[in-house]
Amino acid sequence: MLIRTLSLAALLAFALPSFAHDYKAGDLTIDHPWSRELPPNAPAGAAYFTLKNPGAAADRLLGANTPRAQKAELHTHVHQNGLMKMQRVAAVEIPAKSEVAFQPGGNHVMLFGLSQPLKAGEQFPLTLEFEKAGKVEVQVKVEGADGHHMGQGMDHQMPMEHGDHQGH
Ligand SMILES: [Cu+2]
């Protein structure tokens, strides 16, 4: 009976790749860093998470880097002439007592020049640099394309969205 219970627990853990994980930097919490599985020839990926700032002072995310990609940039999506376009931003403000979501169709950390394809079930380190809280390394979990994040905003990986970045 004990063995059966344990194997069920293992099975559940395996079936839930997006099991919550979070990291602290000063007052900030970086909740559930994740990325989406991509085809092996994808030129770029993106990392998502939620930044929670329960503190009394605002902070700012200034940048990111990872050994997994040649370059990591902070991006957001803006509406322009009825289209959603990605745009690089120098920093993302995290106001006091608030949360800022990085998610498909919104803020994200863009990863250019991936050293290996992003495969569901693996994870990779990403260092985030904050103005006040400093640097913190988080583990980004790669989730399958059919994960529970599907349907949340626009699919960031649509090829047309990345047209702007070809020359960078
Ligand atoms: Cu982007």
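1. Remarks on the overall build of the chain
Across its full length, the chain carries one helix and 11 strands. Its helices and strands in sequence order give the chain the pattern α-β-β-β-β-β-β-β-β-β-β-β, from N to C terminus. Each of the 168 residues in the chain was classed as buried or not, and the buried ones make up 40%. Summarising the internal contacts of the chain: among those between residues at least 6 apart in sequence, 68% fall at separations of at least 24. In the form shown here, the chain has an accessible surface area of approximately 9,400 Å², with 57% of it arising from carbon and sulfur atoms.

2. Thoughts on the coordination of the copper ion
Looking at the metal site, the copper ion is ligated by His75 (ND1), Met86 (SD), His108 (NE2) and Met110 (SD), spaced 2.1 to 2.2 Å from it. Because the angles between the four donor atoms bound to the copper ion fall within 90 to 121 degrees, the donor set is best described as tetrahedral. In primary sequence terms, the donor set of the copper ion follows H-x10-M-x21-H-x1-M. Placement of histidine 75 in strand β5 (residues 69-80) and of methionine 110 in strand β9 (residues 108-114) is noted, with a sequence separation of 35 residues between them. Methionine 110 carries the same exposure label as histidine 75, and that label is buried.

3. As for the environment of leucine 62
Mapping leucine 62 onto the fold places it in strand β4 (residues 59-65). Its relative accessible area of 33% is what places leucine 62 among the partly exposed residues. C-alpha separation for the pair leucine 62 and glutamate 93, spaced 31 residues apart in sequence, amounts to 8.9 Å. Apart from the residues within four sequence positions on either side, leucine 62 is in contact with Leu74, Ala90, Ala91, Glu129, Phe130 and Glu131.

4. Section: the environment of alanine 58
Assignment of secondary structure puts alanine 58 in the loop between β3 (44-53) and β4. Alanine 58 sits in the partly exposed class, given a relative accessible area of 24%. Placed 73 residues apart in sequence, alanine 58 and glutamate 131 show a C-alpha to C-alpha distance of 9.6 Å. If we ignore the near neighbours within four places in the chain, the residues touching alanine 58 are Asn53, Glu93, Ile94, Pro95, Ala96 and Lys132.

5. Some details on the nonpolar core
Residues Ile30, Phe49, Leu61, Val109, Leu126, Leu128 and Phe130 are the most contacted members of the largest nonpolar core, which totals 29 residues. Setting aside anything within four residues of it in sequence, one finds leucine 126 in contact with Ala47, Phe49, Ala64, Asn65, Thr66, Val109, Leu111, Val136, Glu137, Val138 and Val140.

6. Topic: the side chain of threonine 76
Mapped onto the elements of the fold, threonine 76 is located in strand β5. Take threonine 76: its relative accessible area is 15%, and that puts it in the buried class. Within polar-contact distance, the side chain of threonine 76 engages the side chain of asparagine 107 at 3.0 Å. The residues contacting threonine 76, other than those within four sequence positions of it, are Lys85, Met86, Gln87, Val89, Gly106, Asn107 and His108.

Criteria and thresholds
Residues numbered from 1 in each chain as written. Predicted model: local features only at pLDDT ≥ 70, side-chain atom pairs only at ≥ 80, totals over all residues. Heavy atoms only, no water. Helix = DSSP H or I, 4+ residues; strand = E, 2+ residues; numbered from the N terminus. Buried < 20%, exposed > 50% of the residue type's maximum accessible area, 1.4 Å probe, protein only. Contact = heavy atoms within 4.5 Å. Areas by Shrake-Rupley, 256 points an atom, 1.4 Å probe, with all protein chains shown as cover. Donors = N, O, S within 2.8 Å, 3.2 Å for Na, K, Ca; no water. Tetrahedral: all angles 85-135°; square planar, octahedral: opposite > 155°, others 65-115°. Core = buried A, V, L, I, M, F, W, Y, C linked by side-chain atoms within 4.5 Å. Polar contact = N/O pair within 3.5 Å; in protein donor to acceptor, adjacent residues only side chain to side chain.

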